[in-house]
Amino acid sequence: MMKPHVRRAVSLLLLALALGVTCTFLGRWQWNRHVARDAQIRLIEDNYSAQPVPLSTLVATPDEALPADAEWRQVTVTGRYETDATVLLRNRPIGGMAGYHVLVPLVVADGGEAGAVLVVDRGWVPTGENGTEVAGVPAPPAGTVTVTVRLRRDEAASPRSAPPRQVQAISVDQVLAAGDAIPTTTGSHSAYRVYGEMAAEDPAPDHALGALPSPSTDPGSHLSYAFQWWTFAVGSLVGFTAMARRELQDGSAAGPKVRPERRRRSPSAEDEEDALVDSQLG
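Counting restarts for each chain: residues are numbered from 1 in the order of the written sequence. Local features are withheld for residues below a pLDDT of 70 in this predicted model, meaning they are given only at 70 or higher, and side-chain atom pairs are given and counted only at 80 or more; totals for whole chains, interfaces and linings count all residues. Computation of side-chain values covers all heavy atoms of the structure but excludes hydrogens and water.

1. Points about the pairing of strand 4 (residues 99-110)
Piece 1. Exposed residues in this analysis have more than 50% of their type's maximum accessible area, buried residues have under 20%, and partly exposed residues fall in between, with area computed by a 1.4 Å probe over protein chains only. Runs of H or I in DSSP of at least four residues are treated as helices and runs of E of at least two as strands, each being numbered from the N terminus. Counting buried positions along strand 4 yields 10 of 12 residues, so the element is predominantly enclosed.
Piece 2. Note on pairing: DSSP must find at least two bridges between two strands before they are called paired. Across four bridges, the pairing between strand 2 (residues 74-81) and strand 4 is antiparallel. Bridging from a neighbouring strand, glycine 79 pairs with valine 108 of strand 4.
Piece 3. As defined by bridge partners, strand 3 (residues 87-89) adjoins strand 4 across three bridges and the pair is classed as antiparallel. Pairing of valine 87 across the sheet is with leucine 103, part of strand 4.
Piece 4. Note: strand 4 against strand 5 (residues 117-126), nine bridges, orientation antiparallel. Bridge pairing links proline 105 to valine 119 in strand 5.

2. Concerning the environment of leucine 15
Piece 1. Here leucine 15 is to be found in helix 1 (residues 4-47).
Piece 2. With relative accessibility at 38%, the residue leucine 15 sits in the partly exposed group.
Piece 3. Expressed as a C-alpha distance, the spacing of leucine 15 and threonine 241, which sit 226 residues apart in the sequence, is 9.4 Å.

3. A few points about the pattern of salt bridges
Piece 1. Throughout this description, the term salt bridge denotes a Lys or Arg side-chain nitrogen within 4 Å of a carboxyl oxygen of Asp or Glu. Summed over the entire model, instances satisfying the criterion amount to 11 salt bridges.
Piece 2. A salt bridge links glutamate 155 to arginine 92; the shortest N-O distance between them is 3.1 Å. In this pair, glutamate 155 sits in the loop between strand 6 (144-153) and strand 7 (166-167) while arginine 92 sits in the loop between strand 3 and strand 4, placing the two residues 63 residues apart along the sequence.
Piece 3. Across the pair arginine 193 and aspartate 154 runs a salt bridge, and its minimum N-O distance is 3.9 Å. With arginine 193 in strand 8 (residues 191-202) and aspartate 154 in the loop between strand 6 and strand 7, this pair connects stretches of sequence that are 39 residues apart.

4. Examining the side chain of serine 158
Piece 1. On the secondary structure map, serine 158 appears in the loop between strand 6 and strand 7.
Piece 2. Excluding its chain neighbours within four sequence positions, the residues that come into contact with serine 158 are Gln168, Ala169 and Gln174. By definition in these notes, contact holds between two residues if any of their heavy atoms fall within 4.5 Å.

5. A short note on unusual backbone geometry
Piece 1. Residue proline 203 follows aspartate 202 across a cis peptide bond; omega there is 5 degrees.
Piece 2. Secondary-structure assignment places proline 203 in the loop between strand 8 and helix 5 (222-254).
Piece 3. For asparagine 91, which is not a glycine, the phi torsion comes out positive at approximately 55 degrees.
Piece 4. For asparagine 91, the location among the structural elements is in the loop between strand 3 and strand 4.
Piece 5. With phi around 65 degrees, arginine 165 is a residue other than glycine that occupies positive phi space.

6. Observations regarding the nonpolar core
Piece 1. Within this scheme, the nonpolar core is defined by two criteria: the residues are buried Ala, Val, Leu, Ile, Met, Phe, Trp, Tyr or Cys, and they are joined through side-chain atoms within 4.5 Å. With 27 residues, the main nonpolar core has Leu55, Tyr81, Leu118, Val147, Leu151 and Tyr192 as its most contacted residues.
Piece 2. Contributions of two or more residues to this core are made by helix 2 (55-58), strand 2, strand 4, strand 5, strand 6 and strand 8.
Piece 3. No other element matches the five residues that strand 4 contributes to this core.
Piece 4. Grouped together as the second largest cluster of nonpolar side chains are 13 residues, Val117, Val119, Ile170 and Val175 included.

7. Things to note about the environment of methionine 243
Piece 1. With respect to the helices and strands, the residue methionine 243 is situated in helix 5.
Piece 2. The partly exposed category is assigned to methionine 243, whose relative accessible area is 36%.
Piece 3. Through-space distance from the C-alpha of methionine 243 to that of leucine 12 is 7.2 Å; in sequence the pair is 231 residues apart.

8. Some points on the side chain of glutamine 168
Piece 1. Secondary-structure assignment places glutamine 168 in the loop between strand 7 and helix 3 (172-178).
Piece 2. Glutamine 168 sits in the buried class, given a relative accessible area of 10%.
Piece 3. Within the structure, the side chain of glutamine 168 is placed 2.9 Å from the side chain of asparagine 91, a separation counted as a polar contact.
Piece 4. Throughout this description, a polar contact denotes any pair of N or O atoms lying within 3.5 Å of each other; where both atoms belong to protein, one of them has to be capable of donating a hydrogen while the other can accept it, and for residues adjacent in sequence the pair is counted only when both atoms sit in side chains. Side-chain polar atoms of glutamine 168 contact the side chain of arginine 160, separated by 3.4 Å.

9. Brief notes about the pairing of strand 5
Piece 1. Of all 10 residues in strand 5, nine are buried, a share of seventy percent or more.
Piece 2. Counting the residues in the hairpin turn of strand 4 and strand 5 gives six residues, including glycine 111, whose phi is positive at 95 degrees.
Piece 3. Of the pairings in the sheet, the one linking strand 5 to strand 8 comprises four bridges and is parallel in character. Residue pairing for strand 8: valine 119 is matched across the bridge by tyrosine 195.

10. Things to note about the environment of histidine 207
Piece 1. In this fold, histidine 207 is placed in the loop between strand 8 and helix 5.
Piece 2. Taking relative accessible area as the criterion, histidine 207 reaches 55% and is therefore assigned exposed.
Piece 3. Separated by 68 residues in sequence, histidine 207 and alanine 139 place their C-alpha atoms 7.5 Å apart.

And the structure:
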C-alpha cells in the first residue's frame, strides 16, 4: 500500500504534468495566431500600395475566387455605376464612428469581363440625427468611369435581417438582391465573387464620400501571451515538483512512529504490606 506522503507527492507530480501540458498547448495556440497575424500584416504591407493592374490580371473570370496573395491589391476597371441599385452596409463602424458603407454595383466595360458586375464599396456616410437613417447619399459619377479599387474577398452571407436597401455583410449575392434594380438592367450577366474598396475615381464625383480607412497592422498581444503561457508551464513544473520532493523528504525523515513502552510502576509501601499480610495468612 502506498504511503500517505508518497501518495501526496505523486498527486503533485500529476498536477504539475497536467498544468504543464495545458499551458504548453495554450502557448502554442497563441503562437500560431501570432504567425497568422504576422503573415496578414506582411500581405497588407506588400499589396496595399502596389501599382494598380487591370482586374482581369488577378481575377480572370467573375466566377474565379480571389487568390490568397492578391487581397488588398489595387486594380483598375472601367464601367458605369448602377446608381439605382445602391445599398448601404450597416453596423460597420469607421474609425470608431457610426456610419454606413455605400455599396454600388459597377457594370464592367473594360479591364475585366464586359457586362459583368463588380460591387464597389465607394466609401461611407455618417448616420442621421436619430442614429439610424441617412439624410442623403452623394451620387457617384454619371456615365463611364474608371475606378481604382482594392480587392477583397466576398464575405459570408449574414443570417440577420436588414431594412430595405441595406445589408449586414458585403456578400455579393445579398448586396445585389437588396438593390433589386440589377436583374432588370444587366439581365443574366454574372457578378464577380469579389468586391472592391474604393481608392480613386476618374472623373471624380461632385460630392466625395468619407474615405475608407486603411487596414490595421497592429500585431496584437499574441506573442506576449504565448510566452506567458510557456512561463506558466515551466513554473508549474518546477514549483509542484519541488513540493513533491519536499513531501518525500519530510516523510522519509519522520520514519515509522514507534509507540513508547510503558514503564513498570515500582510497588508502593502499601503493596509491600499487603503482600506480607497475605503471606502470613497463607
